[in-house]
Amino acid sequence: MQNDISILCTRPLNDELVKEAKAAGIAIDILSFIETSPVQTKSVQQEIEQALLLSATVVFTSMNAVEAVAAWHRGQQPNWNTYCIGTTTNKLVEKYFGEKHIAGTANSATELAELIAADRFIDNVIFFCGDQRRDELPAILEQNNIGVNEIVVYQTTAVSHPVDKSYHGILFFSPSAVTSFFSINQLPSQTILFAIGNTTAATIKQFSNNKIITSDFPGKENLVQKMINYFT
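Residues numbered from 1 in each chain as written. Predicted model: local features only at pLDDT ≥ 70, side-chain atom pairs only at ≥ 80, totals over all residues. Heavy atoms only, no water.

(A) Broad picture of the nonpolar core. Ile48, Phe60, Val69, Trp80, Phe97, Phe128 and Val153 are the most contacted members of the largest nonpolar core, which totals 25 residues. Broken down by secondary-structure element, the contributors of at least two residues to this core are α2 (42-52), β4 (56-60), α3 (63-70), β5 (80-85), α4 (88-97), β7 (124-130) and β8 (147-158). The contact partners of valine 153, leaving out residues within four places of it in the chain, are Pro38, Val39, Val44, Ile48, Ala65, Ala68, Val69, Phe128 and Cys129. Ranked by size, the runner-up nonpolar core spans 20 residues in total, among them Ile7, Cys9, Ala21 and Met227. (Core = buried A, V, L, I, M, F, W, Y, C linked by side-chain atoms within 4.5 Å. Buried < 20%, exposed > 50% of the residue type's maximum accessible area, 1.4 Å probe, protein only. Helix = DSSP H or I, 4+ residues; strand = E, 2+ residues; numbered from the N terminus. Contact = heavy atoms within 4.5 Å.)

(B) The pairing of strand β9 (residues 169-172), seen in detail. Here β9 shows two buried faces, one formed by Gly169 and Leu171 and the other by Ile170 and Phe172. Here β9 runs beside strand β10 (residues 192-195); their pairing, made up of 4 bridges, is parallel. When the bridges of β10 are listed, glycine 169 appears paired with isoleucine 192. (Pairing = 2+ DSSP bridges.)

(C) Representation of the sheet that holds strand β11 (residues 212-214) within the structure. Strand order in this open sheet of 5 strands is β2-β1-β9-β10-β11, and the pairing throughout is parallel. Looking at the sheet topology across the chains shown, the edges are occupied by β2 (26-30) and β11. If you compare each strand with its neighbour and ignore which way they point, the axes differ by 25° on average. Where β10 and β11 come together, 3 bridges link them in parallel fashion. Its bridge partner lying in β11, alanine 195 is registered against threonine 214. (Axes fitted to C-alpha atoms, helices over the stretch in contact; angles between N-to-C directions.)

In structure tokens:
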């Protein structure tokens, strides 16, 4: 294989993944197209602190939401039944709130909502989310007469950069990063686009007719491995 495959990654990666790709002859450039920051208002702090005192069913679909909530939990272990997206978000929930409190995981927000809706004992959930959260999960839960108390704990800001270099492939990890990228960039038709999941892939299709390869599982490690496998 030629050692000249160049990839743009639209979010930070750990050094191990970059080195693994390099060993396969693939150079990864990293350029973030969104920034996230926790909401640090007094009202949100109080909502989180109150939720930590409850026996509740809690939902996380983002690692950013987990970290924003964990910043206020001060080591206490809430009596939560937690549902979350797999891989990174799941690992962070285990780290901060304990593996024994994870009631279910899924590969997408839609699958997670269907899993929650299948439990006839759940009447209400607390959904810790960002200000640009997708509609699928709360919509499915509400269709199944499950109340959703949304607490917006982080904000997403677009950070657009012009990209002049031509890449063999680009990795996208969220719909908001896709929108940010295409707000000022166009791509040659041969660039392969890699999406973390179906929602991100659907957003790419709104902007591009390029070939899209979607990860089978959530988690940046899985998408990077999918890309490596494709080019090798």
